[in-house]
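# Overview (structure and organization)
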Amino acid sequence: MQSTSQSSNALPLYLQISELLIRDIAAGRLIDGERLPPERDMADELGISIGTLRKALADLTEKGLLERIQGSGNYIRQGGTQESIYAMFRLELLSGGGLPRADILNAVRTRKPEDLPAFGTSGEGTRIRRLRYLNETIIAVEEIWLDGDAGFVKRDLLSDSLYRFYQKHLGFWIVRAEDRVTIGKVPDWAPEEFTLKPGTLTGFIERFSWADRPESVEYSRTWFDTGRAHYVQRLK
């Protein structure tokens, strides 16, 4: 397990812990029937309070992913719902799992450039560029375009999860997405902190996302370091 941190645009700490554990369960790092460490030990390891940890464990219990047995401990239970805030985030550490977070590089409203594929209904959009992490490991840079007719994005309200932002501030939820995974060259705007230099060939994901309308409302492209992360799609 990795420690978590709190920042101005981060999810509440208890949701960070819940999401981290859900992704570890999905990745097989926590298996059915496994007993979690004592709560005080877990809280100390994660650098959080017992109260915050128990709130996260309660969320997992509600989802059917944890059984809390009085006097015995907390046990992982497969078969519950693994839907989460990051259910559509397909990148994982090579060892599995990892809590996603992001540093926003910039967010601007502008005309859609000619190199973007057709999506949405407006000639404008909000372009958001971010540096992506799993736990504390930098794994990707990404560029997200939200169609101008879907709403206005205020940078100071953005959180680590854009989909949560859309639901909370713009009133819609991404219900499906189509990914196209190939290779591409790291863009010239990638910051120095990214592990790969501009122009380097690496893993590349294009994604179209839909809400409750026929046209896709979002288009994104992600360049990820294949030496640190891989793309995972699990079929049930």
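Computed from a predicted model, the values in this text were never measured in an experiment.

## Description of the nonpolar core
Residues Leu-53 and Ile-139 are the most contacted members of the largest nonpolar core, which totals 33 residues. Within the residue set of this core, elements represented by two or more residues are helix H1 (13-26), helix H2 (39-46), helix H3 (50-62), strand E3 (91-93) and strand E6 (137-147). Looking at this core element by element, the count peaks at six residues for H1. Beyond its immediate chain neighbours, meaning those up to four positions away, Leu-53 contacts Ile-17, Glu-39, Met-42, Ala-43, Leu-46 and Ile-48.

## Notes on H2
Each full turn of the α-helix corresponds to 3.6 residues, which orients residues three or four apart in the same direction. Glu-39, Met-42, Ala-43 and Leu-46 are the residues of H2 that are buried. Down the axis of H2, the buried side of the element spans an arc of 100°, and every buried residue falls inside it. Along H2, the residues that are exposed and aim more than 90 degrees away from the buried face are Arg-40 and Asp-44. Taken from the residues just after H2, Gly-47 is the one with a positive phi, measuring 70°.

## A short note on the sheet that holds strand E9 (residues 218-224)
Ordered by their spatial adjacency, six strands build an open sheet running E4-E5-E6-E9-E8-E7, and the pairing between neighbours is antiparallel. The two strands at the open ends of the sheet, each matched to only one other strand, are strand E4 (100-111) and strand E7 (176-185). Sheet twist, expressed as the average angle between the axes of neighbouring strands with direction ignored, equals 20°. Here seven bridges tie strand E8 (residues 201-210) to E9, and the two strands are oriented antiparallel to one another. In the strand pairing of E9, Phe-204 is matched with Trp-223.

## Focus: the pairing of E9
Most of E9 is tucked away: seven of the seven residues are buried. The pairing of E6 with E9 spans seven bridges and is classified as antiparallel. By the bridge assignment, Ile-144 is partnered in E9 with Ser-220.

## Some remarks on the pattern of salt bridges
Enumeration over the complete set of coordinates arrives at 16 salt bridges. Note that Glu-67 is salt-bridged to Arg-77, the shortest N-O span being 2.7 Å. Residue Glu-67 is found in strand E1 (residues 66-69), and its partner Arg-77 is found in the loop between strand E2 (73-76) and E3; the two are separated by 10 residues along the sequence. Overall, Glu-67 belongs to the partly exposed group, its relative accessible area being 33%. Between Arg-221 and Asp-115 there is a salt bridge, and its shortest N-O distance comes to 3.4 Å.

## Digging into unusual backbone geometry
Positive phi is not limited to glycine here, since Asn-135 has a value of about 55°. Here Asn-135 shows up in the loop between strand E5 (124-134) and E6.

## Describing the environment of Thr-126
Relative to the helices and strands, Thr-126 is located in strand E5. C-alpha separation for the pair Thr-126 and Ile-144, spaced 18 residues apart in sequence, amounts to 7.9 Å.

## Overview of the packing of aromatic side chains
Applying the stated criterion to the full structure yields seven aromatic pairs. Taking 5.3 Å as the distance between ring centres and 40° as the angle between the ring planes, the aromatic pair formed by Phe-204 and Trp-223 counts as tilted. Here the residue Phe-204 occupies a position in strand E8, and Trp-223 occupies one in strand E9, the gap between them amounting to 19 residues. For the pair shown, Phe-204 and Trp-223 are each scored as buried. Centre to centre, the rings of Phe-208 and Tyr-219 are 5.1 Å apart; their planes meet at 50°, and the pair counts as tilted. Taken together, the residues span a long stretch of sequence, with Phe-208 in strand E8 and Tyr-219 in strand E9 at a distance of 11 residues. An aromatic cluster is built from Tyr-163, Phe-165, Tyr-166 and Phe-172, whose rings are joined through pairwise contacts.

Parameters and conventions
Residues numbered from 1 in each chain as written. Predicted model: local features only at pLDDT ≥ 70, side-chain atom pairs only at ≥ 80, totals over all residues. Heavy atoms only, no water. Core = buried A, V, L, I, M, F, W, Y, C linked by side-chain atoms within 4.5 Å. Buried < 20%, exposed > 50% of the residue type's maximum accessible area, 1.4 Å probe, protein only. Helix = DSSP H or I, 4+ residues; strand = E, 2+ residues; numbered from the N terminus. Contact = heavy atoms within 4.5 Å. Arc of directions from axis to C-beta. Pairing = 2+ DSSP bridges. Axes fitted to C-alpha atoms, helices over the stretch in contact; angles between N-to-C directions. Salt bridge = Lys/Arg side-chain N within 4 Å of Asp/Glu carboxyl O. Phe/Tyr/Trp six-rings, centres within 6.5 Å; stacked < 30°, edge-to-face > 60°.

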